[in-house]
Amino acid sequence: MSTTTLLTPGRIGGLQTPNRLMMAPMTRSRALAGGVPSELAIEYYAQRASAGLIITEGVAPVAVGLGYARTPTAETPEQMAAWKKIATAVHDRGGRIFMQFMHVGRIGHSANRYTSEPLVAPSVVRAAGQMWTDAHGLQDLDTPRALDTSEIPGVIDGFAQATRNALEAGFDGVELHSASGYLPMQFLSTGTNRRTDAYGGSINNRIRFVVEALEAMIAAAGSSGRVGMKISPAMPFNDCTDDNPVETYTTLVKAISPLGLGYLHVLRTTIPDTFELLRPLFKGPFAAGGGFDRDKGNALLASGGADYIVFGKLFTSNPDLPARFSNGAEVTPWNAETFYTPGEKGYTDYAAV
Ligand SMILES: Cc1cc2nc3c(=O)[nH]c(=O)nc-3n(C[C@H](O)[C@H](O)[C@H](O)COP(=O)(O)O)c2cc1C
């Protein structure tokens, strides 16, 4: 048992957090054309500055890694000038913010992209499923081309450069999105990785991309504590399948534990007891996410099952979630209809109590 509650201060790398709530990374599809975050995002993130740590929406590290409508990138001076305003506004309100790097890999549609380059993936395996485009409504996902072995250092360098960009813009750190069937998880999973080079086949080969990306991000950040990672073992989302997810994720977590990451964020999915399986294998702060409320979060912290609890949907409609948990105020239910719609409705118009 532990005396830690959601309101106990904590530490991620060199960062003190006033509580144990993380705001989950959430795509909100309000960015401007060309991958530039909107002015509205400044207010949205600043309103949520009381979170122990904010993780931004998924941000493409490079243009070729962007797949969804109205989503942002962290590459050009114009994009980074907008991100800088967001980091500054969160810090001005006393908060802490990491940027999540989401390279979609094979999950995207050309109508949502501002580059004419095709999608890239470990192998030429089109994902079943459709995606919203503003121009043509729902569309089948594009077919990706396979990355040549010689191109992989360049893809990894994209994550390193985006790390430098984010830290220069004032972010406290960065998160590698290795969950939800995007590029890093496409390398991890047997269903999407059919490669025969050093990045495919054996489990040690399939984890290589993620390990090398993390190492490059840590080198770019100059501090392992400024880098976190999210995983979602066995999540079938985005048509991602794996023959042996327990082996994949226990091997991965053992391999990355010595790197000294700021935290490991695990989204509970279909493997029974995911947190119990992985927490003992990771030596740093362990953040558990997926379907938590105050009581479930406090119970897991009290049992010693996690160090941080990640809240997603509740943070969309409760900008002051830590205060509501502290004073026992009602939480406002989220509205899924405005998760991805443009404008302030359902985004910046939820009041603090
Ligand atoms: C609107 C919305 C957008 C999301 N976008 C992302 C994303 O960009 N990156 C990511 O890692 N997870 C994303 N997620 C998943 C959340 O980070 C989180 O893992 C999930 O919502 C489960 O937590 P919850 O039950 O507290 O909402 C998104 C979830 C929602 C509801």
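An account of the accompanying structure is given in this report. (Residues numbered from 1 in each chain as written. Predicted model: local features only at pLDDT ≥ 70, side-chain atom pairs only at ≥ 80, totals over all residues. Heavy atoms only, no water.)

As for the site of the ligand
Taken together, 17 residues surround the ligand, and among them P25, T27, G291, G312 and K313 come closest. Q100 places a side-chain nitrogen or oxygen 2.9 Å from an oxygen atom of the ligand. K230 is positioned such that a nitrogen or oxygen atom in its side chain is 2.9 Å from an oxygen atom of the ligand. If the ligand stood free it would expose 600 Å²; the protein chains cover 86% of that surface. When the residues that make up the shell around the ligand are grouped by side-chain class, the tally is eight nonpolar, seven polar and two charged. (Near = heavy atom within 4 Å. Polar contact = N/O pair within 3.5 Å; in protein donor to acceptor, adjacent residues only side chain to side chain. Areas by Shrake-Rupley, 256 points an atom, 1.4 Å probe, with all protein chains shown as cover. Nonpolar A, V, L, I, M, F, W, Y, C, P; charged D, E, K, R; others polar.)

Regarding the sheet that holds strand 5 (residues 97–101)
Strand order in the closed barrel formed by eight strands is 3-4-5-10-11-12-13-14, and the pairing between neighbours is parallel. Direction aside, neighbouring strands of the sheet carry axes that sit 25° apart on average. Pairing between strand 13 (residues 286–289) and strand 14 (residues 308–311): three bridges, direction parallel. Paired with A287 across the strands is Y308, a residue of strand 14. (Pairing = 2+ DSSP bridges. Helix = DSSP H or I, 4+ residues; strand = E, 2+ residues; numbered from the N terminus. Axes fitted to C-alpha atoms, helices over the stretch in contact; angles between N-to-C directions.)

A short note on the side chain of T133
Positionally, T133 belongs in strand 7 (residues 130–133). Within the structure, T133 has its side chain in polar contact with the backbone nitrogen of H136 (distance 3.0 Å). Reaching out from T133, the side chain makes a polar contact with the backbone oxygen of G137 at a distance of 2.8 Å. Ignoring sequence-local partners within four residues, the contact set of T133 consists of H109, A111, N112 and Q139. (Contact = heavy atoms within 4.5 Å.)

Regarding the packing of helix 3 (residues 152–168) against helix 6 (residues 208–221)
Packing of helix 3 against helix 6 brings their axes to within 8 Å, and their N-to-C directions diverge by 35°. For the pair helix 3 and helix 6, the sense of crossing is right-handed. Contacts from I152, V155, I156, F159, A160, T163, R164 and L167 of helix 3 reach helix 6 at F209, E212, A213, A216, M217, A220 and A221. Taken together, the residues that form the contact of helix 3 with helix 6 break down as twelve nonpolar, one polar and two charged. (Left-handed = near helix turned anticlockwise from the far one by under 90°.)

Quick word on the side chain of D320
One can find D320 in the loop between helix 10 (313–317) and helix 11 (321–327). Within polar-contact distance, the side chain of D320 engages the side chain of R324 at 2.8 Å. In this structure, D320 is in contact with S50, A351, A352 and V353, ignoring residues within four places of it in sequence.

Concerning helix 1 (residues 39–47)
Of all the residues in helix 1, the buried ones are A41, I42, Y44, Y45, A46 and Q47. Buried positions along helix 1 lie against strand 3 (21–23), strand 4 (53–59), helix 2 (77–92) and strand 5. (Buried < 20%, exposed > 50% of the residue type's maximum accessible area, 1.4 Å probe, protein only.)

A look at the environment of N238
Locating N238 in the fold gives a position in the loop between strand 11 (227–231) and helix 7 (245–256). A residue is classified by how much of its surface remains accessible, and N238, at 13% relative accessible area, is buried. Each C-alpha atom, one on N238 and one on G129, is 7.4 Å from the other, the two residues being 109 residues apart in sequence. Among the polar contacts listed, one links the side chain of N238 to the backbone oxygen of S180, at a separation of 2.9 Å.

Quick notes on the pattern of salt bridges
Enumeration according to the criterion identifies eight salt bridges in this entry. Note that R195 is salt-bridged to D197, the shortest N-O span being 2.7 Å. We classify R195 as buried; its relative accessible area is 9%. Among the ionic pairs, D307 bridges to R279, the shortest N-O distance being 2.9 Å. Linking D307 in the loop between helix 9 (294–302) and strand 14 with R279 in the loop between helix 8 (274–278) and strand 13, this pair joins segments that are 28 residues apart in sequence. (Salt bridge = Lys/Arg side-chain N within 4 Å of Asp/Glu carboxyl O.)

Let's talk about the packing of aromatic side chains
The full count for this structure, using the stated rule, is twelve aromatic pairs. Centroid distance Y68 to Y182: 6.2 Å. Interplanar angle 75°. Geometry classified as edge-to-face. Of this pair, Y68 sits in the loop between strand 4 and helix 2 while Y182 sits in the loop between strand 10 (173–178) and helix 4 (183–188), and the two are 114 residues apart along the sequence. Of the two residues, Y68 and Y182, both sit in the buried class. Taking 6.2 Å as the distance between ring centres and 25° as the angle between the ring planes, the aromatic pair formed by F275 and F292 counts as stacked. A residue pair is termed long-range when its members are at least 10 positions apart, and F275 in helix 8 and F292 in the loop between strand 13 and helix 9 qualify at 17 residues. Here F275 matches F292 in class, with each residue buried. An aromatic cluster is defined as three or more aromatic residues linked by ring pairs; in this entry it consists of F159, F187, Y199 and F209. Over the aromatic face of W334 sits the side chain of K313, whose NZ or CZ is 5.4 Å from the ring centroid. (Phe/Tyr/Trp six-rings, centres within 6.5 Å; stacked < 30°, edge-to-face > 60°. Lys NZ or Arg CZ within 6 Å of the ring centre and 35° of its normal.)

Examining the environment of K84
As for its position among the elements, K84 is in helix 2. Along the sequence, K84 and S224 sit 140 residues apart, while their C-alpha atoms lie 22 Å from each other.

Description of the packing of helix 1 against helix 2
Taken N-terminus to C-terminus, the directions of helix 1 and helix 2 make an angle of 25°; their axes are 8 Å apart at the nearest point. With respect to their mutual orientation, helix 1 and helix 2 come out roughly parallel. Two packed elements cross with a definite hand, and for helix 1 against helix 2 that hand is right-handed. Along the contact surface, helix 1 presents E39, A41, I42, Y45 and A46, while helix 2 presents K85, I86, A89 and V90. When its residues are assigned to classes, the contact of helix 1 with helix 2 shows seven nonpolar, no polar and two charged. (Parallel < 35°, antiparallel > 145°, perpendicular 65-115°, else oblique.)

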